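Overview (structure and organization)
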Amino acid sequence: MRNIVKAGNISFKETFFIGLMLFAIFFGAGNLIFPLSLGQAAGTELIPAIVGFLMTGVGLPLLGVIAIGMSKNEDVQTISARVHPWFGLLFPVIIYLTIGPLFAVPRTGTVSYEIGVAPFLPDALKASSISMMLYSVVFFGVTYWLALNPGKIVDRIGKLLTPVLLLILLALLAKSVATPLGIIQAPLAAYESAPFFKGFQEGYLTMDTIGSFVFGLIVINAIRSKGVDSPRQIAKVCTIAGLVAASGLALVYIGLSYAGATSVEAIGHLENGGLIISRVSDLQFGVWGSLILSVAIIFACLTTSIGLVVACSSFFNNLRPSISYKTYVLVLTLVSALISNVGLTQIISFSIPVLVAIYPIVIVLIALTLFGSLLRKRTAVYTWSVLLTGIVSVVDGFNAAGIELGISKVFATYLPLFSLGMGWLAPAIVGGVIGYVLSFRQSAYALSNE
């Protein structure tokens, strides 16, 4: 019987599979580690903490995809350029460096090592930096080789491994619910007073909201390949596919955070989610279960690494064509390999200040893009909203790095929610209002000179 449920000109079945594709793109193996760490740290404050995490780890990426779907095929450069032409050049570079060689790509190497290799090494090798160094050479060597000619092999590996990894995770989550390793413990200090806001900021670490600016175009291309060109239909299918992906991500994140929360009694507080999932899977399934999980995660991280290197190299090659794509691939993989050797915990620590500084700007750009039909010609709204947001978020970034600027005390006194990491919200709204008023004055001035 022919499927008669439609989303635009695409059947619901086709839309559902586009949603699964989007889930696979967002769900890098690195995303496994943060809900587990949150669960351990939040303890009995797990519910408000995971709600905050889901807002930035699931809700905002969903809005990002919808925003791109509604923006008539605009990318991060076009959207950023509404703030200022120079911002339209600089901010996309920061975005691609963040999801590329500085943080996300090195993280694929360290996560796959922490989960897939380190648990099976003798203690002497595990404590040595040589094993990680050798692993990074092999891992990023394969990344370089396949990123030069990704072809269909990466897609095939991804399509095969994503379902396998998801099935393993579902089995782990079911086992953790049926036979938890212990009772949920008291929260750590960071989650005692404002667990929702702490969870909200922890969601930054997934980097999926930043990635939504890049991944949204992939979804649009997949929709157009089905013969749909209407902006309204594209936006509708993006929304439905995004909801499918968001539902899957939310389910996995909730389950992993619960597994982390119930693991403390058995394994104690560990320094990162890679160590947590290794110990939990070993206790729940034994060495063979851990081995299967390890192989799946290594290959999942590899496909993520290749995909990000290809995306970043293509972006920089388009930006500066005088340097070859092959050179960009080589430089990005070398930098990623070097940074991966500092270790997972250190990479996460280094990334936090940068993400705290840029994430609010990304959130504001997504919000403004959602109202693009009303604001597209009112660039002053973009300029002022992003400017005031950026001032506060950069100060927040310095605070997260342990560098307290003098203006921080002023912000803490006068800005609502600043102590909770949300001090940028009021300036973003005020900046939008200022820009909106100025845009009317600019329009009136232009008319008077005609």
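All values reported here derive from a predicted model rather than from experimental measurement. (Residues numbered from 1 in each chain as written. Predicted model: local features only at pLDDT ≥ 70, side-chain atom pairs only at ≥ 80, totals over all residues. Heavy atoms only, no water.)

1. Looking at the pattern of salt bridges
All chains considered together, the criterion is met by 2 salt bridges. The residue Arg279 makes a salt bridge to Asp282 at a minimum N-O spacing of 3.8 Å. Of this pair, Arg279 and Asp282 both sit in helix H14 (residues 273-319), 3 residues apart, which is roughly one turn of that helix. For Arg279, a relative accessible area of 36% gives the class partly exposed. Residue Asp282 is classed as partly exposed on the basis of its relative accessible area, which comes to 33%. (Salt bridge = Lys/Arg side-chain N within 4 Å of Asp/Glu carboxyl O. Helix = DSSP H or I, 4+ residues; strand = E, 2+ residues; numbered from the N terminus. Buried < 20%, exposed > 50% of the residue type's maximum accessible area, 1.4 Å probe, protein only.)

2. A short note on the layout of surface pockets
There is about 500 Å³ of room inside the second largest pocket. Every element with two or more residues in the lining of the second largest pocket is listed here: helix H10 (195-202), helix H16 (344-370) and helix H18 (379-400). (1 Å grid on protein atoms, 1.4 Å probe; cavity = no way out; pocket = protein on both sides within 12 Å on 5 of 7 lines; lining within 4 Å. Points joined across faces, edges and corners; volume = space filled by probe spheres on them.)

3. Here we look at a nonpolar patch on the surface
A contiguous nonpolar surface patch, about 580 Å² in accessible area, is contributed by Phe120, Val287, Trp288, Leu291, Val295 and Phe299. Relative to the helices and strands, Trp288 is located in helix H14. (Patch = residues over 30% accessible without salt bridge, like charges linked within 9 Å, V, L, I, M, F, W, Y side chains within 5 Å. Areas by Shrake-Rupley, 256 points an atom, 1.4 Å probe, with all protein chains shown as cover.)

4. Examining unusual backbone geometry
A positive phi is found at Met207, a non-glycine position, where the angle reads about 65°. Here Met207 is to be found in the loop between H10 and helix H11 (208-224). Owing to a relative accessible area of 4%, Met207 belongs among the buried residues under this scheme. Despite not being glycine, Leu417 shows a phi value in the positive range, around 70°.

5. Some thoughts on the confidence of the model for the chain
Taken as a whole, the chain shows an average pLDDT of 87; of its residues, 91% reach a score of 70 or greater. Mean pLDDT across the elements of the chain bottoms out in strand S1 (residues 6-7) (46) and peaks in helix H15 (residues 325-340) (96). A low-confidence stretch, residues 1-8 (pLDDT under 50), is modelled with 13 contacts involving residues beyond four sequence positions or located in other chains. With pLDDT under 50 throughout, residues 444-448 is counted as low confidence; its partners more than four residues away or in other chains account for 0 contacts. (pLDDT = per-residue confidence, 0-100. Contact = heavy atoms within 4.5 Å.)

6. A word on the packing of helix H2 (residues 33-42) against helix H12 (residues 231-261)
Between two packed helices, the angle of one axis relative to the other and the distance separating the axes together describe the packing. Closest axis-to-axis distance for the H2/H12 pair is 6 Å, and the angle between their directions is 45°. As the angle between them shows, H2 and H12 are arranged oblique. Handedness of the H2/H12 crossing: right-handed. Together, Pro35, Leu36, Leu38, Gly39 and Gln40 of H2 and Tyr253, Leu256, Ser257, Ala259, Gly260 and Ala261 of H12 make up the contact between the two elements. In the contact of H2 with H12, the residues fall into 7 nonpolar, 4 polar and no charged. (Axes fitted to C-alpha atoms, helices over the stretch in contact; angles between N-to-C directions. Parallel < 35°, antiparallel > 145°, perpendicular 65-115°, else oblique. Left-handed = near helix turned anticlockwise from the far one by under 90°. Nonpolar A, V, L, I, M, F, W, Y, C, P; charged D, E, K, R; others polar.)

7. A look at the nonpolar core
Soluble, globular proteins show a tendency: their nonpolar side chains are buried together. Ranked by internal contacts, the top residues of the largest apolar core, which has 126 residues, are Ile223 and Leu365. The biggest single contributor to this core is H14, with 16 residues. Sequence-distant contacts of Leu365, defined by excluding residues within four places in its chain, comprise Ile79, Ser80, Val83, Phe87, Phe91, Phe213, Tyr382 and Val386. (Core = buried A, V, L, I, M, F, W, Y, C linked by side-chain atoms within 4.5 Å.)

8. Brief notes about the packing of helix H5 (residues 85-102) against H14
For the pair H5 and H14, the least separation of the axes is 9 Å and the interaxial angle reads 155°. In terms of orientation, H5 lies roughly antiparallel with respect to H14. When the axes of H5 and H14 are compared, the crossing they make is left-handed. Along the contact surface, H5 presents Leu89, Pro92, Val93, Tyr96, Leu97, Ile99 and Gly100, while H14 presents Leu308, Ala311, Cys312, Phe315, Phe316 and Leu319. Of the residues contributing to the contact of H5 with H14, the split by class is 12 nonpolar, 1 polar and no charged.

9. Digging into the packing of aromatic side chains
How two aromatic rings sit relative to each other is given by the distance of their centres and the angle of their planes. Inspection of the entire model under this criterion finds 17 aromatic pairs. Ring geometry for Phe316 and Tyr328: centres 6.1 Å apart, planes at 25°, overall stacked. Residue Phe316 is found in helix H14, and its partner Tyr328 is found in helix H15; the two are separated by 12 residues along the sequence. Using a relative accessible area of 12% as the deciding quantity, one classes Tyr328 as buried. Ring geometry for Phe411 versus Phe418: centroids 5.7 Å apart, planes at 65°, classification edge-to-face. Like Phe418, Phe411 is buried. Members of the aromatic cluster, each reached through a chain of ring pairs, are Phe196, Phe197, Phe200, Tyr204 and Tyr359. (Phe/Tyr/Trp six-rings, centres within 6.5 Å; stacked < 30°, edge-to-face > 60°.)

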